[in-house]
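Residue-level listing of the chains:
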Amino acid sequence: MAAAPNAYVAALAWALLAGALTLSNTAVVGILQLVIPTEVMGRVLSNTRMLTLGLSPVGAIIGGLLARSDLRLPSVAAAVVMVIATLWVVRPLASLCRRADRIERERAGGGSGADVV
């Protein structure tokens, strides 16, 4: 957004980001529901939600502080953090995907899949 030459390009970038977040959240929750044992699912998902919603005000405060020096700085900093976070979770997420695929195959094959953790 910070590098957008006009408002139309920025709006398109926001729309693409919103779509990507929707797709990734849907995929991650589905994977978590397959991989996490049923007896701890509520705890894990509630902790995930607490961290996600609880850290939003922290990001807003940091963004506000960065905006004091330059209004583009929060967008640039957010982009940098998103790239770093994406690179940080690629391997664990790929491992979870493989694990979810294995569990799904076992459940489709008649096994309970409960022994796969």
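Since the model is a prediction, treat every value here as computed from it, not as a measurement.

**Q** Whenever I open this one, the nonpolar core confuses me. Can you help?
**A** Nonpolar side chains in soluble globular proteins tend to be buried together. Counting 5 residues, the largest nonpolar core is built from Ile31, Leu34, Val35, Ala100 and Ile103. Contributions of two or more residues to this core are made by α1 (7-35) and α3 (73-108). Not counting the four nearest positions on each side in its chain, Ala100 is found in contact with Ile31, Leu34 and Val35.

**Q** How do you make sense of a nonpolar patch on the surface when you look at a structure like this?
**A** Side chains of Met50, Leu51, Leu55, Val58 and Ile62 sit close together on the surface and give an oily, nonpolar patch of about 490 Å² of accessible area. Within the secondary structure, Leu55 is located in helix α2 (residues 41-67). Leu55 sits in the exposed class, given a relative accessible area of 52%.

**Q** Sorry if this is basic, but what is going on with the environment of Ala3 here?
**A** Note on placement: Ala3 falls in the segment before α1. The class of Ala3 is exposed, set by a relative accessible area of 77%. Here the alpha-carbon distance between Ala3 and Met82, two residues 79 residues apart in the chain, equals 16 Å.

Cut-offs used in this document
Residues numbered from 1 in each chain as written. Predicted model: local features only at pLDDT ≥ 70, side-chain atom pairs only at ≥ 80, totals over all residues. Heavy atoms only, no water. Core = buried A, V, L, I, M, F, W, Y, C linked by side-chain atoms within 4.5 Å. Buried < 20%, exposed > 50% of the residue type's maximum accessible area, 1.4 Å probe, protein only. Helix = DSSP H or I, 4+ residues; strand = E, 2+ residues; numbered from the N terminus. Contact = heavy atoms within 4.5 Å. Patch = residues over 30% accessible without salt bridge, like charges linked within 9 Å, V, L, I, M, F, W, Y side chains within 5 Å. Areas by Shrake-Rupley, 256 points an atom, 1.4 Å probe, with all protein chains shown as cover. Salt bridge = Lys/Arg side-chain N within 4 Å of Asp/Glu carboxyl O.

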